[in-house]
Amino acid sequence: MPVISLTVNGNPVTADVEPRWLLSRLLRDHLGLTGTHVGCDTSQCGACVIHVDGKPVKSCAMLAAQADGAQITTIEGLAQKGKLHPMQEAFRDNHALQCGFCTPGMVMMSVALATEQPDLDEPAVRKGLEGNLCRCTGYQNIINAVMVGAKAMRG
Amino acid sequence: MEKYGIGQPVRRKEDVRFLTGTGTYIDDIKPDNLIHAVVLRSPHAHAKILDLDTSEAETMPGVLCIVTGKDWVAEDFQPMPTKSAVNKKIDGTPLNQPPRHAIAIDRVRYVGEPVALIVAETLVQAQDAAEVVEVDYEELEAVTDQIKALEPGAPQIWDDIEGNFCIDFELGDKEGTGKAFETADHVVKLKLRNQCVTAAPIETRGAIASYDKDTGKYFLQNATQNVHANRDTFASVLKIPSEDLHHMAPDVGGGFGAKNSGYPEPSLLLYAAKKTDRPIKWIGDRNESFAADTHGRDQATTVEMALDKDGMFLGLRTRTVGNIGAYCWTVGPFTPTGGSARTQGGPYYIPAMHYTGIAAFTNTMPLDPYRGAGRPEGSFQIERIVELAARELGMDPVELRRKNLMPADSLPRKTPMGLDVDTGNFPEVFERTLKMSDRAGFAKRFEESARKGLRRGFAIAPYLECTGGGPKEFAGVKFGKDGSATLRVGSMSTGMGQETSMPQILSDTLGIDFEKITYVQGDTDATPIGGGHGGSRNMEVGGSAVLQCAREVLVKAKQLAAHLLNSNADDMELKESVFTDVKTDQNVSMADVVAASFDQSRLPDGMEAGALDTDTIFEREIISCPNGCHSAEVEVDPETGTVQVEHMWIVDDFGTIINPMLADGQVMGGVAQGLGQALMEEIVYDEDSGQLVTGSLMDYALPRADSMPKMEMAFYEDAPTAKNPLGVKGSGEAGCCGAPPAIVNAVLDALKEDGVTHIEMPLTPEKVWRAIQDAKQQGA
Ligand code: FES
Ligand code: FES
């Protein structure tokens, strides 16, 4: 089994991984980071989105072995010192989640969108969330939350 | 307390957990010594099992146990029960109900039916072993369409059930309705389908079972909406007393009905857990979710309306044939019969109505309630026929609806379907929706669309629905010395936010600190009974139980406060968490009363320490009638057939609103699922082979962020119901009732110049484009 070293939520991690393991599996089953959810096996739902070297990635669509040397942030690593990230705050304040299952992926994707596009507008949010499915909210509150969260991130 | 009171948009307690990745869903739970299971499922829609050989699989690395139908027969395990409220045919004989075993015994009847459970040390080992289980099938002819299933000569799914017929049902005045049609100036008729869809929660189903051989008790953690009823189902299958099975639901990632029922897998897991003496986890994958989660809707309907020359409705006749799949499942036969009958005719005054519903078996995954279960179908039927009537009579569809709504002063009224509509104001809700819809600006927007070569349409769809699910609910509260309270309720949230809204009711009534209330649900050990979730009953029945419980606490708290102040309980008034004697102005805080309740020296005679702790059961006498109105504006590209829903306006009468933020969330989520059904979702089986064609998220389209319109919502709050102490009517399923007809009718309005009068759901670009082409040809 290849041994990989990576940084997860700021902590150095070394792991023995089987070549066929998905990154989502490494995070959930071996590092105990169960906040990253798995909702499908065809890379459609986006519940598993994390940041790899600052970019949004569907962790079910990447092999663990490919993460050697990477800087990874999962939903667990977003809040700092017990304080919610502005995007997390915005989701809560705008009721952008119900069952919460899509939420980790939604939030990670939204943070990435807001970071990549400082002048994010509503159509860009809708487009940017194309790869993230939510069955509960009807998206409107998610879109509102992303707009508010993005603004808060800009400071 | 105001901030957390009834009617306030209190932010959710559960959110911090969900937002930081610290929620606990079923797949996040990892007991020590855990082993894993996969379900081997039938690849055939209909086949005999000639032989099932597990010998090679058993020798595979890590394999611990394989369960098959042979075990079920050897153990004499029982079939799972069906509890349809409609269970007699029109002729009075009982419905045809074949045995529903948790695992196929000698025949499979739908693709995805469990054939074996393979348990191994690791998931991969279980998957590998499943590959080498040898099943020798003899394929049989399959039928997946309910109309074909009822035809003579159709493949027979059950040897002893002739013609795949489960049950028929009728409601209303057949003769009177017949007369209305005879004397009518106009009769409008439409055949339509409410296609088969599925809930597709983003979290798939899954469970973990274990067995304690010292106590002889089983423990099941399960992504379910309903722990009590399903505990009883699994216990009856395994022939154990219900007390021997502790059933719990962790955080559940959405349900919408698909996590209601007692599924086969938990019984298989419980049995294997005892055999292996290890905790076993099974998590369904997305394909299993499509193949083996219950499906919904799937009705083929003929609806006819009789009108007089002025467009007044005289009669409604509906005849529907519902697919229920290969088994009766838990309440499957109810949906196309009683479930769809009750709200026929929607909020219109129709003097004569008659409904006939038939449930037929086919070789598909069985159907059970999906968000609305019959009411969305009823709403779609009436709104489509009204729209068509307006078109055929050359009337304005808005005007036709307006003049036929039940007048406010006609309530309370029992409809010809027996639905007790107590409160509401349909005309007012209709006019408000219309007012919000910016009709004045439509012409301009229409022109703008036309300039781009696009069509624009509008439709309005008032709806009337009703609640359902178990009528009884438990609520219990236990106080802590520190002023904390633990609230246990038998109804349950799978995302709707009861962890917040239920404490709101408690806090509002008792003036106790919202932040100090812990909410417990989904645990058969925590509440003696529980109806779980279904039929928009959470607030209606669960919330009412919480209110009743809080009021019982209040009676005792007043006595105690009076004792502490040396006055009379009747003189105690609770305001902002303080009891004040209205005569003497002396006061004592609720927090102090709670503290005193643990101090025997401060208690009056007859009260014991912990005297405020209260358990109660509320029972609903009669179901409530949520209602409202949706309108939709759509843009259609005639070149491609693409539909974009631009805007929706919605006014709902859910009675009292406990938390408007959460109620809005329910509406929008329901609208999204309604839009999904209207435009893109459909479970498709191959007609010949019975194979599931839509087995993944690539084949079954779900609405995405850019599919959704802007939604504007308002509540009509002037008509709380007296049917329960909270005055609530239920909000969970309304979106699925209003959105599909509003959207479909708006598309047809957009295409009226093209001559298109009907398109079956889902209105995919291909179907819309074809409808335009067909109309063109017919016109030419
Ligand atoms: S789990 Fe669905 S996209 Fe990764
Ligand atoms: S909140 Fe349930 S899937 Fe998005």
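### A closer look at the overall build of chain A
Looking only at helices and strands, chain A has five helices and five strands in total. Counting from the amino terminus, helix and strand elements in chain A follow one another as β-β-α-β-β-β-α-α-α-α. The C-alpha radius of gyration computed for chain A amounts to 15 Å, which stays within 12% of the reference 15 Å derived for 155 residues, consistent with globular compactness. Projected onto its principal axes, the C-alpha positions of chain A cover 45 × 30 × 25 Å. Taking all 155 residues of chain A together, 57% fall into the buried category. Pairs at least 24 residues apart make up 58% of the contacts formed inside chain A by residues separated by at least 6 positions. Per element, the accessible surface of chain A, about 6,100 Å² overall, is 51% carbon and sulfur.

### Overview of the side chain of H46 of chain B
All names here are of chain B. With respect to the helices and strands, the residue H46 is situated in the loop between β1 (35–41) and β2 (47–53). A polar contact is formed between the side chain of H46 and the backbone oxygen of E141, at a distance of 2.8 Å. For H46, the residues in contact, after removing those within four places along its chain, are R107, V108, R109, E139, L140, E141, A142, Q156, I157 and N363.

### Side note on the sheet that holds strand β11 (residues 245–248) of chain B
Residues and elements named next belong to chain B. Pairing is mixed in the open sheet, where seven strands are placed in the order β3-β5-β1-β12-β9-β10-β11. Edge positions in the sheet fall to β3 (63–68) and β11, since each of these pairs with one other strand and no more. Recorded for the sheet is a direction-independent mean angle of 20 degrees between the axes of neighbouring strands. Sheet topology places strand β10 (residues 217–222) next to β11; four bridges connect them, and they run parallel. Counterpart to Y218 in the pairing with β11 is L245. Where helix α7 (residues 227–238) meets the sheet, it contacts β10 and β11, and its direction lies at approximately 145 degrees from that of β11.

### Re the domain arrangement of chain B
Residue and element names in this part refer to chain B. Considered domain by domain, chain B is made up of domain 1 (2–21 + 469–619) and domain 2 (422–467 + 624–780). One C-alpha centre belongs to domain 1, the other to domain 2; they are set 39 Å apart. At the junction of the two partners, domain 1 supplies 23 residues and domain 2 supplies 18 residues. Buried area between domain 1 and domain 2, both sides added, is near 1,600 Å², and the carbon and sulfur share of it is 65%. Contact with domain 2 buries area across many residues of domain 1, yet M496, S536 and E540 alone supply 31% of it, more than any other trio. Counting across the interface, domain 1 meets domain 2 through zero salt bridges. Between the two partners, domain 1 and domain 2, sit eight residue pairs in polar contact (both at pLDDT 80 or more). Listing elements by their share of the side of domain 1 that touches domain 2, those giving two or more residues are α15 (498–510) and α16 (537–565). Residues of the side of domain 1 that touches domain 2, tallied by class, amount to eight nonpolar, 11 polar and four charged.

### Focus on unusual backbone geometry
Residue and element names in this part refer to chain B. Residue P412 is bonded to the preceding L411 through a cis peptide linkage, with omega at 0 degrees. Relative to the helices and strands, P412 is located in the loop between α12 (397–404) and β16 (413–414). A cis amide bond links M761 to the next residue, P762, at an omega of -5 degrees. Positive phi is not limited to glycine here, since N164 has a value of about 60 degrees. Within the element layout of this structure, N164 appears in the loop between α5 (146–149) and β7 (165–172). With a relative accessible area of 0%, N164 lands in the buried category.

### Some details on the interface of chain B and chain A
Every contact between the two is made by 54 residues of chain B and, on the other side, 44 residues of chain A. Across the interface of chain B and chain A, roughly 4,100 Å² is buried in total on both sides, 55% from carbon and sulfur atoms. Of all residues in chain B, the largest losses of buried area upon contact with chain A belong to L19, I202 and R704 of chain B, amounting jointly to 19% of the total for that side. In this assembly, chain B and chain A are joined by four salt bridges. Between R28 of chain A and D28 of chain B there is a salt bridge, with the nearest N and O atoms lying 2.8 Å from each other. Remark: the boundary between chain B and chain A carries 22 residue pairs in polar contact (both at pLDDT 80 or more). Elements with a minimum of two residues in the side of chain B that touches chain A: α1 (15–19), α4 (123–131), α18 (660–679) and β28 (710–715) of chain B. Broken down by element, the residue count for the side of chain B that touches chain A peaks at eight residues, all from α18 of chain B. Among the residues making up the side of chain B that touches chain A, the classes are represented as 26 nonpolar, 13 polar and 15 charged.

Criteria and thresholds
Position labels on residues start from 1 in each chain and follow its written sequence. Chain letters start at A and ligand numbers start at 1, both assigned in the order the entries are written. Only residues with pLDDT of at least 70 get local features here, since the model is predicted, and only at 80 or more are side-chain atom pairs given and counted; chain-wide, interface and lining totals rely on the full set of residues. Heavy atoms from the whole structure form the basis of all side-chain values; hydrogens and water molecules are not counted. What counts as a helix is a DSSP run of H or I of at least four residues, what counts as a strand is a run of E of at least two, and both are numbered from the N terminus. Note on method: radius of gyration uses C-alpha positions; expected globular size equals 2.2 Å times residues raised to 0.38. In this scheme, a residue with accessible area under 20% of its type's maximum is buried, one over 50% is exposed, and one in between is partly exposed, where area comes from a 1.4 Å probe on protein chains only. By the convention used here, residues are in contact when the closest approach between their heavy atoms is within 4.5 Å. Accessibility throughout is a Shrake-Rupley quantity obtained with a 1.4 Å probe, and a residue counts as covered only by protein chains that appear here. Any pair of N or O atoms that falls within 3.5 Å is considered a polar contact. Within protein, one atom must be able to donate a hydrogen and the other to accept it, and sequence-neighbouring residues count only if both atoms are side-chain atoms. A pair of strands counts as paired when DSSP detects no fewer than two bridges linking them. For helices, the fitted axis covers only the stretch in contact; all axes are lines through C-alpha atoms, and the angles between them, taken along N-to-C directions, range from 0 to 180 degrees. Where each domain begins and ends is defined by an automated method or by a domain database. Here the quantity called buried area is the total loss of accessible area, with a 1.4 Å probe, experienced by two parts when brought into contact, counted for both. Should a side-chain nitrogen of Lys or Arg be within 4 Å of a carboxyl oxygen of Asp or Glu, the pair is scored as a salt bridge. Under this grouping Gly is polar, as are all residues other than the nonpolar Ala, Val, Leu, Ile, Met, Phe, Trp, Tyr, Cys and Pro and the charged Asp, Glu, Lys and Arg.

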